[in-house]
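# Coordinate analysis (summary)
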Amino acid sequence: MQKPALVLSLGIAAIMLIGAILLNLPISSNNGQSIGFLNALLTATSAVSVTGLVVVNTAEHWTIFGKVVIILLIQAGGLGFMTLATLVALITGKRIGLKERLIMQEQLNQDSLSGIVKLTRFAILATLAIEGIGALLLSTRLIPIYGPIKGIGYSVFHAISAFCNAGFDLFGDSLVPFVGDTVMNLTIGGLIILGGLGYTVYIDIKQRKSYRMLSLHSKIVLIVSALLIVVGGVVIFISEHNNPNTMGNLTLYEKVLASFFQSVVARTAGFYSIDLNGMVNSSVFFLIILMFIGGSPGSTAGGIKTTTFATIVLTLISVIRGKEDVEVFKKRIPQWHISKAFILLSAGLTLVLVVAFLLTMTEPTKPFIDLLFETMSAFATVGSTRNITPELSDMGKLLITFTMYSGKVGFLTLALALTNRGKGTPNKKNYKYPEGKIIIG
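Computed from a predicted structure; not experimentally measured.

Once that is clear, we can look at empty space enclosed by the protein. Applying the stated criterion across every chain yields a total of two cavities of 30 Å³ or more. Of the volumes computed, that of the largest cavity is approximately 80 Å³. What lines the largest cavity is simply Asn165, Ile192, Ile193, Gly196, Leu197, Ser225, Ile229, Val264, Arg267, Thr268 and Gly295. Of all elements in the fold, only helix 9 (182–197) and helix 11 (216–240) reach the threshold of two or more residues within the lining of the largest cavity. When residues of the lining of the largest cavity are assigned to their parent elements, the largest contribution, four residues, is made by helix 9.

Another point: the packing of helix 8 (residues 148–163) against helix 9. Packed helix pairs are specified by the crossing angle of their axes together with the interaxial distance, meaning the distance between the axes. Running from N to C, helix 8 and helix 9 point in directions that differ by 40 degrees, and their axes come no closer than 7 Å. When the axes of helix 8 and helix 9 are compared, the pair comes out oblique. Taken together, the residues of helix 9 that come into contact with helix 8 (itself represented by His158, Ala159, Ala162 and Phe163) are Ile188, Leu191, Ile192, Leu194 and Gly195. Split into classes, the residues belonging to the contact of helix 8 with helix 9 amount to seven nonpolar, two polar and no charged.

As for its placement among the helices and strands, Ser218 is situated in helix 11. Among the residues examined, Ser218 registers a relative accessible area of 0% and is labelled buried. Among the polar contacts listed, one links the side chain of Ser218 to the side chain of Asp204, at a separation of 2.6 Å.

Of the voids in this model, the second largest pocket is the one considered here, and its volume is about 520 Å³. Residue lining of the second largest pocket: 29 residues in total, with Asp169, Gly172, Asp173, Tyr272 and Asn387 positioned closest to the centre.

Now for helix 10 (residues 199–208). Those residues of helix 10 that sit buried are Tyr199, Val201, Tyr202, Ile203 and Asp204. After helix 10 finishes, the residue Lys209 shows a positive phi value of roughly 60 degrees.

A few words now on unusual backbone geometry. Within the chain, Ser174 stands out as a residue other than glycine whose phi angle is a positive 50 degrees. Here Ser174 lies in the loop between helix 8 and helix 9. Although it is not a glycine, Asn387 sits at a positive phi angle of roughly 65 degrees. Within the element layout of this structure, Asn387 appears in the loop between helix 16 (368–379) and helix 17 (394–409).

Calculation rules
- Residues numbered from 1 in each chain as written.
- Predicted model: local features only at pLDDT ≥ 70, side-chain atom pairs only at ≥ 80, totals over all residues.
- Heavy atoms only, no water.
- 1 Å grid on protein atoms, 1.4 Å probe; cavity = no way out; pocket = protein on both sides within 12 Å on 5 of 7 lines; lining within 4 Å.
- Points joined across faces, edges and corners; volume = space filled by probe spheres on them.
- Helix = DSSP H or I, 4+ residues; strand = E, 2+ residues; numbered from the N terminus.
- Axes fitted to C-alpha atoms, helices over the stretch in contact; angles between N-to-C directions.
- Parallel < 35°, antiparallel > 145°, perpendicular 65-115°, else oblique.
- Contact = heavy atoms within 4.5 Å.
- Nonpolar A, V, L, I, M, F, W, Y, C, P; charged D, E, K, R; others polar.
- Buried < 20%, exposed > 50% of the residue type's maximum accessible area, 1.4 Å probe, protein only.
- Polar contact = N/O pair within 3.5 Å; in protein donor to acceptor, adjacent residues only side chain to side chain.

What follows is the structure, encoded as structure tokens:
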């Protein structure tokens, strides 16, 4: 039996390759010319990894065919190729075997096979329902502007793009024209938040129906997500409220709305309602931190995940207090989970710093803060950019494409796919070596 991590990695790569071939066709471009395979590959990878980094204006360059290909890639990336395969199996009545269940477990980042098909079925129905409601709300604003057909098409496109945390838009300048529009900002922001929580949390809320009864995972996800949104919004407001290049000329309500929206999208989706190029460096650096944390496990978001961040913080607090165990809500976090959290932190930082360093050599004229921002955005599959993606060299585009792929697959999953290790707890031995002393710090 092939390793689930390997099958998952190759499956995602195959979808990206198919998307690149389709987007490279002249029929996909309004000018009737091929965009070039490298640009098509970057765009397809960006769509499947639900990132949003682009080399051309999505609204102006692509034909209807090209836009349909992009939104289908986004939906495939958001749901996952095994979820789509499960949908086909459920429709056709085909039996879902152990091999398929193991891959689904890997894709949804679950520790157990128990209820995996039920979770996948719920993920499909929840996705379609939430996207449908989101499209309906967006249509109340977009149909009056663009007319019935185009308005509905735009509503569906942006509802899928937002829930899948992709950040692709058809407006040409993201949500800047709607910076003060309550319906647009709250709907897009709400879809992004829901997409970044994870299906496990949905089921937990549905079954428990009380915050006190929720699992430890759900409590941490909800608390950390809320704190990051609030803290992010406050920091952005303080840094940018007097900046004439971003929010200085907005009303107080528009400033609050823009701060909230930018805090939401920073961790997971590449939409924006203010000019990111005009932001002060303190805001840009804080956005990089938010992007690195990302969304939650089993969701459409990237980053090291909120639970990883929470585990690291709780571990540091426990060490400072001299506690042997890491405890929260009267529960003890297993040592393997703590080790995995620090592995993800180290691997993520290493990948980002190495790619950013390589970009300083391939793009010597670009400011380092912009290159770091671009790299982090690709790794965390966010899609925010300081408008340098189209100007990258071919090698720079390849680096960003690889980073998006790694961020989508998951660095740990990719490592497992290339080794003989399986997913789970570390191998145990029935013996231990004596302790050795080293000086730390």
